[in-house]
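This is what each chain is made of:
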Amino acid sequence: MNRIVAKFAQLKSAGKKGFVVYIGAGDPNLEATHKLALAFDRAGVDVLELGVPFSDPLADGLVNQLAAQRGLESGTTPPKVLATVAAIRKDSQVPMVLYIYFNLIHKVGMEKFISDAAKAGVDGLLVLDLPPEESDNYEALMKKHRLCHIYLVAPTTPEERMAHIVKRGSGFIYYISREGVTGMQSQVATNLATQVAKIRSHTSLPIAVGFGISNPEQARLVARDADACVVGSAIVNQIAEHGRSPHLVEKVAGFVAEMVQAVAK
């Protein structure tokens, strides 16, 4: 069974909520990415999203844009990200998703990229700029290689289109809790429960909520309504702050552990 599917089934069976971490691969370098992944697994993270550095990350706010830039500057490429995933797999079975823009897949060739990702130990792809209407070949190849194709739903998505998107997805649905790009926010969206309930009426897939969650209290509030919460920019910001420190992994893993514990309560 796909690791993402197995993990959410395990969480549901135990009556628990999931915690999903996003970091930029190669920020500050791929050795750090490898060490952070293992530390997150030990801290109880349920799914790890690795952002594949791209020169034009349109869905990302400044914090994650800078992470992508640092990843590119450290020499990170899609093949090197896959090699890092394969290295992580020697010591960890944490479900891993690549957060990626379609241009990077297209350049390699869709079938080759998906095949290589599966061989490396990737469990799913979240392709930011590939809508379901243009995804027939992509979805078929993902199913062939037993990878989850994860789609986004936004607060502005009309319900008819939402129903169409969630029927096409697999693994989990990623609900963007607010309009705009990624980034830390001071409060959780007030209509979160309503929006999650609306999505649930159209799918049995788990719903993970992200974009803007930045502290343990916000993570706890989101987990109350969703099946999992996703934290990215706040963690990426910690990596930016401690990137040159010999205590990088310890500092960032400690920050993450506090939010894992908040969701587990």
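Rules of the game
- Residues numbered from 1 in each chain as written.
- Predicted model: local features only at pLDDT ≥ 70, side-chain atom pairs only at ≥ 80, totals over all residues.
- Heavy atoms only, no water.
- Helix = DSSP H or I, 4+ residues; strand = E, 2+ residues; numbered from the N terminus.
- Buried < 20%, exposed > 50% of the residue type's maximum accessible area, 1.4 Å probe, protein only.
- Salt bridge = Lys/Arg side-chain N within 4 Å of Asp/Glu carboxyl O.
- Disulfide = S-S within 2.5 Å.
- Core = buried A, V, L, I, M, F, W, Y, C linked by side-chain atoms within 4.5 Å.
- Contact = heavy atoms within 4.5 Å.
- Polar contact = N/O pair within 3.5 Å; in protein donor to acceptor, adjacent residues only side chain to side chain.
- Phe/Tyr/Trp six-rings, centres within 6.5 Å; stacked < 30°, edge-to-face > 60°.
- Pairing = 2+ DSSP bridges.
- Right-handed = clockwise from strand over helix to strand, strands pointing away.
- Axes fitted to C-alpha atoms, helices over the stretch in contact; angles between N-to-C directions.

1. A few points about the environment of Gln10
Here's step 1: Structurally, Gln10 can be placed in helix 1 (residues 3-14).
Here's step 2: Look at Gln10 and you get partly exposed, because its relative accessible area is 49%.

2. Some words on the pattern of salt bridges
Here's step 1: Within the structure shown, the criterion is met by 12 salt bridges.
Here's step 2: When the shortest N-O distance is used, the salt bridge between Asp136 and Arg168 registers 2.8 Å. Placement of the pair is Asp136 in helix 7 (residues 136-144) and Arg168 in helix 8 (residues 159-168), with a sequence separation of 32 residues.
Here's step 3: In this structure, Asp227 engages Arg200 in a salt bridge whose closest nitrogen and oxygen atoms are separated by 2.8 Å. You can see Asp227 sitting in the loop between helix 10 (216-225) and strand 9 (228-231) and its partner Arg200 sitting in helix 9 (residues 192-200), a full 27 residues away along the chain.
Here's step 4: Exposure remark for Arg200: the relative accessible area of 35% places this residue in the partly exposed category.
Here's step 5: Several salt bridges converge on common partners, so that one network encompasses Arg3, Arg89 and Asp123.

3. Notes on the state of the cysteines
Here's step 1: Enumeration according to the criterion identifies zero disulfides in this entry.
Here's step 2: Cys229 supplies the cysteine sulfur nearest to Cys148, a cysteine that is in no disulfide, at a spacing of 19 Å.
Here's step 3: You can call Cys148 buried: its relative accessible area is 3%.
Here's step 4: We classify Cys229 as buried; its relative accessible area is 0%.

4. Focus on the nonpolar core
Considering soluble globular proteins, one finds that nonpolar side chains tend to be buried as a cluster.
Here's step 1: Phe19, Phe40, Leu125 and Ile235 are the most contacted members of the largest nonpolar core, which totals 89 residues.
Here's step 2: Beyond its immediate stretch of four places on either side in the chain, Leu125 contacts Val97, Leu98, Ile105, Phe113, Ile114, Tyr138, Met142, Cys148, His149 and Ile150.

5. Quick look at the environment of Asp123
Here's step 1: Looking at where Asp123 falls in the secondary structure, it is placed in the loop between helix 6 (110-120) and strand 4 (124-127).
Here's step 2: Between the alpha carbons of Asp123 and Ile4 there is a distance of 6.5 Å; along the sequence they are 119 residues apart.
Here's step 3: What Asp123 contacts, discounting residues up to four positions off in sequence, is Asn2, Arg3, Ile4, Arg89, Val94, Pro95, Met96, Leu147 and Cys148.
Here's step 4: Within the structure, Asp123 has its side chain in polar contact with the side chain of Arg89 (distance 2.8 Å).

6. A word on unusual backbone geometry
Here's step 1: Residue Pro28 follows Asp27 across a cis peptide bond; omega there is 0°.
Here's step 2: Its place among the elements puts Pro28 in the loop between strand 1 (18-24) and helix 2 (30-43).
Here's step 3: Of note, the phi angle at Arg146 is positive, near 60°, even though the residue is not glycine.
Here's step 4: Along the chain, Arg146 turns up in the loop between helix 7 and strand 5 (148-149).
Here's step 5: Of note, the phi angle at Phe211 is positive, near 80°, even though the residue is not glycine.
Here's step 6: Along the chain, the position of Phe211 falls in the loop between strand 8 (207-210) and helix 10.

7. Digging into the environment of Asp56
Here's step 1: Within the element layout of this structure, Asp56 appears in the loop between strand 2 (47-51) and helix 3 (62-73).
Here's step 2: Through-space distance from the C-alpha of Asp56 to that of Gln69 is 9.5 Å; in sequence the pair is 13 residues apart.

8. Brief notes about the packing of aromatic side chains
Here's step 1: Evaluation of the coordinates by the stated rule reveals four aromatic pairs.
Here's step 2: A centroid spacing of 5.2 Å and a plane angle of 20° characterise the contact between Phe54 and Tyr101, whose relative ring orientation is stacked. Of this pair, Phe54 sits in the loop between strand 2 and helix 3 while Tyr101 sits in the loop between strand 3 (96-100) and helix 5 (102-108), and the two are 47 residues apart along the sequence. As far as burial versus exposure is concerned, Phe54 and Tyr101 are alike and both buried.

9. Quick notes on the pairing of strand 8
Here's step 1: On strand 8, burial covers both faces: Ile207 and Val209 on one face and Ala208 and Gly210 on the other are all buried.
Here's step 2: Note that strand 7 (residues 173-176) and strand 8 share four bridges and pair parallel. If you follow Ile173 over to strand 8, its bridge partner there is Ile207.
Here's step 3: As for the winding sense of the linkage, the β-α-β connection from strand 8 through helix 10 to strand 9 is right-handed.

10. Remarks on the sheet that holds strand 3
Here's step 1: Spatial ordering of the open sheet is given by 5-4-3-2-1-9-8-7-6, a layout of nine strands whose pairing is parallel. Of all strands in the sheet, those bounded by a partner on one side alone are strand 5 and strand 6 (151-153).
Here's step 2: As judged from the three bridges shared by strand 6 and strand 7, these two strands associate in the parallel manner. Residue pairing across strands places Tyr151 opposite Ile173, the latter belonging to strand 7.
Here's step 3: Against the sheet, helix 2 touches strand 1 and strand 2, its axis set at about 170° to strand 1.

Keep in mind these numbers describe shape, not what the thing actually does.
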